[in-house]
Amino acid sequence: MKRELEARLASGVRGLSPYQPGKPIETLQRELGLKDVVKLASNENSLGTSPDVAAAIQVAAQDIHRYPDGNAYLLKEALVSYYGAQHAGDHNKILFDQITLGNGSNDVLELVARAFLQAGDHAVYSEHAFAVYALVCQAIGAVPTVVPAKRWGHDLEAILKAIKPETKVLFLANPNNPTGTWFTRDEWEAFIEKVPSNVVVVLDEAYAEYIKDERYPRGVDYLHQYPNLVVCKTFSKAYGLAALRVGYGLSSIEIADYLNRVRQPFNVNHMAIHAAVAALGDQRFVDESCNINVQGLEMLVSGFQALGLSFIPSVANFISVDVGQPAAPIYEALLREGVIVRPVHGYGMPHFLRVSVGRPDENRAFLQALKKVLRASA
Ligand SMILES: *Cc1c(COP(=O)(O)O)cnc(C)c1O
């Protein structure tokens, strides 16, 4: 009987396996009866959230019997003024109608796929790229070209070559998860100017806040020039709001119109809207998060070096380390030590573990557990 329904499934869904999230802390506590658990598995903000957020949520809680503002006026207004303040030049200002809100930026990725892709359509993304690009394409039955990576990062020249007349969407992550690799402004500009203007370019900047290098291109600066560009941003990482699910796309008004046609009317909830406004207003917290992250990355890197492990240099709030052997048993052994990291065999990186940058005590606990586990496996 079950098979009868399976035969009726949308063909893209038949072969689909769900996204594998990082193991929640409570799950490991329940499974292994552990009390102290360190989770460095989902690239969350190790500092937590701005204290302003808790206050905003308390006020917002008084109105949870009402539907949220489906257009999230307050959040869009806050974003418009945030980008306005960052850019002296008029052409880089963001308008209200260029914003598409998402239930996390994953939602925006899905909106792009829903709006532009149908079964059989062609999309392009890189090997080792963020898993959601494959998921949203596959669910619809779109047929992606997965372009081999270059030194773990996106090979933009090869991605250009993979574009066919019928290609509809490109997905790029800068920096990419789980590799932590990024491309420079020069590389980006040489790339985007050659992309046909009828191909939608999704530039996923989930970790942009962490990068201070002046050669890093900010997608928002290119929107006035490229009406086919969608820049995806999130409040889940540097802003510390992963649980509330808020992200947004920035694009031309035309694309935002298309994305908003397929968006659920209340995809971002009331608490999330108010929390995001408060989080955006506390840039000191974001700066502090970035500073802690730089120190944490250094700590992890020197820990890996001390253990003789190689790693992919990262600019984000995570780093992928080569454990020199199949990583799945190491991942399991780390769980027994109360440390949750992320196996990335699904990304074609079976010898790597991706580790989120934690607070100093968390990084230390992870490095100690890793040392112990590697010793035991030697
Ligand atoms: C974490 C992440 C996101 C953000 O996901 P949300 O849905 O906003 O929580 C998007 N893209 C990449 C590459 C990520 O790693």
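Above: the structure in question.
The rules we used
- Residues numbered from 1 in each chain as written.
- Predicted model: local features only at pLDDT ≥ 70, side-chain atom pairs only at ≥ 80, totals over all residues.
- Heavy atoms only, no water.
- Near = heavy atom within 4 Å.
- Polar contact = N/O pair within 3.5 Å; in protein donor to acceptor, adjacent residues only side chain to side chain.
- Areas by Shrake-Rupley, 256 points an atom, 1.4 Å probe, with all protein chains shown as cover.
- Nonpolar A, V, L, I, M, F, W, Y, C, P; charged D, E, K, R; others polar.
- Pairing = 2+ DSSP bridges.
- Helix = DSSP H or I, 4+ residues; strand = E, 2+ residues; numbered from the N terminus.
- Contact = heavy atoms within 4.5 Å.
- Axes fitted to C-alpha atoms, helices over the stretch in contact; angles between N-to-C directions.
- Salt bridge = Lys/Arg side-chain N within 4 Å of Asp/Glu carboxyl O.
- Buried < 20%, exposed > 50% of the residue type's maximum accessible area, 1.4 Å probe, protein only.
- Patch = residues over 30% accessible without salt bridge, like charges linked within 9 Å, V, L, I, M, F, W, Y side chains within 5 Å.
- Lys, Arg positive; Asp, Glu negative; His and termini not counted.
- Charge placed at Lys NZ, Arg CZ, Asp CG, Glu CD.
- Parallel < 35°, antiparallel > 145°, perpendicular 65-115°, else oblique.
- Left-handed = near helix turned anticlockwise from the far one by under 90°.
- Core = buried A, V, L, I, M, F, W, Y, C linked by side-chain atoms within 4.5 Å.

(A) Representation of the site of the ligand in the model. Close contacts around the ligand come from Gly104, Ser105, Asn106, Phe130, Asn177, Asp204, Ala206, Tyr207, Thr234, Ser236, Lys237 and Arg245, and that covers them all. Here an oxygen atom of the ligand sits 2.5 Å away from a polar atom, N or O, in the side chain of threonine 234. Note that an oxygen atom of the ligand is positioned 3.4 Å from one of the side-chain N or O atoms of lysine 237. When isolated, the ligand has an accessible area of 380 Å², and the protein chains bury 94% of it. Residue composition of the shell around the ligand, grouped by class: 3 nonpolar, 6 polar and 3 charged.

(B) Summary view of the sheet that holds strand S10 (residues 318-322). The strand order S9-S10-S13-S12 describes an open sheet built from 4 strands, whose pairing is antiparallel. Since the sheet does not close on itself, it has two edges, and those belong to strand S9 (310-312) and strand S12 (342-343), each with one partner. Here S9 runs beside S10; their pairing, made up of 3 bridges, is antiparallel. Residue pairing in the sheet places isoleucine 312 in a bridge with serine 320 of S10. Of the strands in this sheet, S9, S10 and strand S13 (352-356) are in contact with helix H12 (residues 283-306), which crosses S10 at around 5 degrees.

(C) Structural detail: the pattern of salt bridges. Using the criterion set out here, one finds 10 salt bridges in the structure. Residue glutamate 6 is joined to arginine 3 by a salt bridge in which the shortest nitrogen-to-oxygen separation is 2.3 Å. Placement of both glutamate 6 and arginine 3 in helix H1 (residues 2-6) is noted, with a separation of 3 residues, approximately one turn of the helix. Note that arginine 261 and aspartate 257 form a salt bridge whose closest N and O atoms lie 2.9 Å from each other. Taken together, the residues span about one helical turn, with arginine 261 and aspartate 257 both in helix H10 (residues 253-262) at a distance of 4 residues. One salt-bridge network, in which partners are shared between bridges, spans Arg359, Asp361 and Glu362.

(D) Region of interest: the pairing of strand S7 (residues 229-234). Counted residue by residue, S7 has 6 buried out of 6 residues, so it is predominantly covered. Neither face of S7 is open: one carries Leu229, Val231 and Lys233, the other Val230, Cys232 and Thr234, and all of them are buried. Pairing analysis gives 4 bridges linking strand S6 (residues 200-204) to S7, with the strands arranged parallel. The partner of aspartate 204 across the bridge, within S7, is cysteine 232. Relative to strand S8 (residues 247-251), S7 runs antiparallel, the two being bridged by 5 bridges. Considered in S8, the bridge of cysteine 232 is made with glycine 249.

(E) Representation of a negative patch on the surface. The grouping of Glu157, Asp186, Glu187, Glu189 and Glu193 at the surface amounts to a negative patch. Among the elements that line the negative patch, the one with the most residues is helix H9 (residues 185-192), at 3 residues. For glutamate 187, the position within the fold is in helix H9. Taking the relative accessible area as the measure of exposure, glutamate 187 reaches 42% and is therefore partly exposed.

(F) How the structure looks around the packing of helix H5 (residues 73-86) against helix H11 (residues 270-281). Axis separation between H5 and H11 bottoms out at 9 Å; the angle between their running directions is 20 degrees. Classified by the interaxial angle, the pair formed by H5 and H11 is roughly parallel. Along this stretch, H5 crosses H11, giving a crossing that reads as left-handed. Contact residues: H5 offers Leu74, Leu75, Ala78, Leu79 and Tyr82, while H11 offers Ile273, His274, Ala276, Val277 and Leu280.

(G) Geometry of unusual backbone geometry. A cis amide bond links asparagine 174 to the next residue, proline 175, at an omega of -5 degrees. Between asparagine 177 and proline 178 the backbone carries a cis peptide bond, its omega angle lying at 15 degrees. Structurally, proline 178 is set in the loop between strand S5 (167-173) and H9. One non-glycine residue, arginine 151, lies in positive phi territory at about 45 degrees. Classification of arginine 151 by relative accessible area gives exposed; the value is 70%. Of note, tryptophan 152 is a non-glycine position whose phi angle comes to about 75 degrees, a positive value.

(H) Just the nonpolar core, in detail. Core analysis: the biggest nonpolar cluster contains 56 residues, and Leu75, Leu172, Trp188, Phe191, Leu229, Phe235 and Leu250 have the highest contact counts within it. Those residues in contact with leucine 229, other than ones at most four positions away along the chain, are Trp188, Val201, Leu203, Gly219, Tyr222, Leu223, Leu250, Ser251, Ser252 and Ile255.

(I) Looking closely at the environment of alanine 139. Relative to the elements of secondary structure, alanine 139 occurs in helix H7 (residues 131-140). Alanine 139 gets classed as partly exposed once you look at its relative accessible area, which sits at 30%. Sequence separation of alanine 139 and threonine 179 is 40 residues, and the distance between their C-alpha atoms is 24 Å. Ignoring anything within four residues of it in the chain, the contact list for alanine 139 reads Gly12, Val13 and Leu16.

(J) Inspection of the pairing of S10 at higher detail. Of all 5 residues in S10, 4 are buried, a share of seventy percent or more. Bridging between S10 and S13 involves 5 bridges; their strand directions are antiparallel. Directly across from serine 320, in S13, lies its bridge partner arginine 354.

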